[in-house]
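Fold and contact review
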There are 2 protein chains.
Amino acid sequence: MSDELMRSGRDATATRRALVRAARRRFATDGYRATTVRQIAADAGVNVALINRYFVSKDGLFEACMLRTSDELDSQSSSRPVHFDDVIERLVAHVVNSPDGDDPLQLLLLLRSSGDENADRIRRRTLEHFTEKLAAAAGWDRDDPATDGVLLRAQLAIATMLGTVMLRASAGVEPLASAGHSELSAPLGDAFRALLVRTPGPS
Amino acid sequence: MSDELMRSGRDATATRRALVRAARRRFATDGYRATTVRQIAADAGVNVALINRYFVSKDGLFEACMLRTSDELDSQSSSRPVHFDDVIERLVAHVVNSPDGDDPLQLLLLLRSSGDENADRIRRRTLEHFTEKLAAAAGWDRDDPATDGVLLRAQLAIATMLGTVMLRASAGVEPLASAGHSELSAPLGDAFRALLVRTPGPS
DNA sequence: CTCGGATGTAAGCAGGCGCTGACTTGACGA
DNA sequence: TCGTCAAGTCAGCGCCTGCTTACATCCGAG
């Protein structure tokens, strides 16, 4: 919508960053196909042709967005929390708004397929990598005999996050869309605990 | 991909149904923008121009898909289950594969926005209507003082369903994508119970 | 100062898109 | 047998897409 602020031009790396920033927003909210390179360029306050200069193609830009999202998710989960409740709280915070101050939309990006084989491979790998990180953070052993069941539960937790962010940001369903941390913390925490607690308990 | 079987032509209502069927598949899996009217027509084994004849525009066809999905979800939840566990089981079945033998993709359709104002309004209304149905089926009172919290939890359950279907069908994340009812029933049931049980319990 | 590479710009191409309007085909009653 | 009208076909329009190419501008090294 609005131009990137104070772009003075003639700074290649800044231009690249502005493009990736704008592209991530568009790709996450509108989807790959619905996003046009002219929109992205306008959002970044940059000439359209620079997308092809710096990223070769629209696919290339999408791939760059995926890589950056992958990196961020990785670095965010590298400082491992000690307590199980920290993991839960971190997941909740991820849904409400992304911890590093950027949009929670980086998660949405993981749902968007481009049709390009390479970018989509990165997407799937990031998703599965994120799964393993979550499973590990929840205190599961990778060599556990029931690893598949563990990963399944971690992926269901991620699915809950993705679905929630989608309903909030993209569909705008009420009252979920305008709920804040105080309203979401308890029910989301319940769901995550039910999925991730080691012994699901007798029901 | 494959043509509708045994379409003999010269049957308007059958043609309309074939178009909606094919369109729902495409819209649900590929998204609105990435789906072309020529693809839909080819899938249905029908001439492209008939889309405009019967549904005026691509938007109109999308709206028709939304309305049919809305109707189906409504009729499916009208035969109200008696026990709470029946509600849970029905939600799980919805994720694994839709109860009436059709694709589980009808849920995915609820995530796809067309950009058309009218179709998207239907989408949001269907989603919110589905929320209330679920809340009611879970035994909540509409006049409960804490209605917002109730709807919130119901919507989180729906978000879990949508996210799961998305990761399975669209992203193809393993092991979630190839998990069946036996693997999904327990963890999904845990999550739904945690969200929908009347007294979340002391944790 | 001047030159050359890096950075940004403008115009436009080929192709695919949704959609249209004039046409043909088929079924059926008079 | 023929007229009629719904059902289906076809060619192509105007537009927008991603991308390319040729050109302008800036700035630091010599």
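For the structure itself, look to the data block above.
Remember, it's a predicted structure, so these values are computed and weren't measured experimentally.

The rules we used
- Residues numbered from 1 in each chain as written.
- Chains lettered and ligands numbered in written order.
- Predicted model: local features only at pLDDT ≥ 70, side-chain atom pairs only at ≥ 80, totals over all residues.
- Heavy atoms only, no water.
- Helix = DSSP H or I, 4+ residues; strand = E, 2+ residues; numbered from the N terminus.
- Buried < 20%, exposed > 50% of the residue type's maximum accessible area, 1.4 Å probe, protein only.
- Contact = heavy atoms within 4.5 Å.
- Areas by Shrake-Rupley, 256 points an atom, 1.4 Å probe, with all protein chains shown as cover.
- Phe/Tyr/Trp six-rings, centres within 6.5 Å; stacked < 30°, edge-to-face > 60°.
- Near = heavy atom within 4 Å.
- Polar contact = N/O pair within 3.5 Å; in protein donor to acceptor, adjacent residues only side chain to side chain.
- Nonpolar A, V, L, I, M, F, W, Y, C, P; charged D, E, K, R; others polar.
- Axes fitted to C-alpha atoms, helices over the stretch in contact; angles between N-to-C directions.
- Parallel < 35°, antiparallel > 145°, perpendicular 65-115°, else oblique.
- Left-handed = near helix turned anticlockwise from the far one by under 90°.
- Core = buried A, V, L, I, M, F, W, Y, C linked by side-chain atoms within 4.5 Å.
- Buried area = accessible area lost by both parts, 1.4 Å probe.
- Salt bridge = Lys/Arg side-chain N within 4 Å of Asp/Glu carboxyl O.

With respect to the overall build of chain A
Of the regular secondary structure elements, chain A holds 9 helices and 0 strands. Starting at the N terminus and walking to the C terminus, you meet the elements of chain A as α-α-α-α-α-α-α-α-α. Looking at chain A as a whole, 49% of its 203 residues are labelled buried. Counting only contacts in chain A whose residues sit at least 6 apart along the sequence, the fraction spanning at least 24 positions is 68%. For chain A, the computed accessible surface area is about 9,600 Å², with 50% contributed by carbon and sulfur atoms.

So, the packing of aromatic side chains
All names here are of chain A. Applying the stated criterion across every chain yields a total of 6 aromatic pairs over all chains. Seen from their ring centres, Phe27 and Phe62 are 5.1 Å apart, and the 80° between their planes marks the pair as edge-to-face. Here Phe62 lies in helix H4 (residues 58-76) and Phe27 lies in helix H1 (residues 12-30), a separation of 35 residues in the sequence. On the basis of an interplanar angle of 80° and a centroid distance of 5.1 Å, the ring pair of Tyr32 and Phe62 is categorised as edge-to-face.

Points about the protein's contact with DNA strand C
The local shell around DNA strand C holds 22 residues, among which Arg10 and Tyr54 of chain A together with Arg10, Arg38 and Lys58 of chain B are the closest. Here the atoms of DNA strand C within 4 Å of the protein split so that 48% fall in sugar or phosphate, with bases taking the remainder. In the environment of DNA strand C, a phosphate oxygen lies 2.8 Å from a nitrogen or oxygen atom belonging to the backbone of Arg10 of chain A. At 2.3 Å, a side-chain N or O of Arg10 of chain B approaches a base oxygen of DNA strand C. Counting residues per element, the ones that place at least two in the surface near DNA strand C are H1 and helix H3 (49-55) of chain A together with helix H2 (37-44) and helix H3 (49-55) of chain B. Considering only residue class, the surface near DNA strand C consists of 7 nonpolar, 7 polar and 8 charged.

A few points about the packing of helix H9 (residues 181-196) of chain A against helix H9 (residues 181-196) of chain B
Between H9 of chain A and H9 of chain B, whose axes approach to 8 Å, the crossing angle comes to 155°. Between H9 of chain A and H9 of chain B, the interaxial angle falls into the category roughly antiparallel. The hand of the H9 of chain A/H9 of chain B crossing is right-handed. Together, Pro187, Asp190, Ala191, Ala194 and Leu195 of chain A of H9 of chain A and Pro187, Asp190, Ala191, Ala194 and Leu195 of chain B of H9 of chain B make up the contact between the two elements. When grouped by side-chain class, the residues that make up the contact of H9 of chain A with H9 of chain B number 8 nonpolar, no polar and 2 charged.

Details of the nonpolar core
Grouped together as the largest cluster of nonpolar side chains are 123 residues, with contacts concentrated most on Phe27, Leu61 and Leu167 of chain A together with Phe27, Leu61 and Leu167 of chain B. Those residues in contact with Leu167 of chain B that sit more than four places away from it in its chain are Leu111, Leu127, Gln155, Ile158, Ala159 and Leu162 of chain A together with Gly172, Val173 and Leu176 of chain B.

Focus: the side chain of Thr126 of chain A
Among the structural elements, Thr126 of chain A can be located in helix H7 (residues 117-137). Among the residues examined, Thr126 of chain A registers a relative accessible area of 7% and is labelled buried.

Describing the interface of chain B and chain A
With 40 residues of chain B at the contact, the number on the chain A side is 40 residues. A combined buried area of about 3,400 Å² lies between chain B and chain A, and 69% of that area is made up of carbon and sulfur atoms. Note that Asp190 of chain A and Arg153 of chain B form a salt bridge whose closest N and O atoms lie 2.9 Å from each other. The interface formed by chain B and chain A contains 11 residue pairs in polar contact (both at pLDDT 80 or more). The set of elements that each furnish at least two residues to the side of chain B that touches chain A consists of helix H7 (117-137), helix H8 (147-171) and H9 of chain B. For the side of chain B that touches chain A, the element with the most residues is H8 of chain B, which contributes 16 residues. Grouping the amino acids of the side of chain B that touches chain A by side-chain chemistry returns 24 nonpolar, 7 polar and 9 charged.

Treat this as a map of the structure, not an account of what it does.
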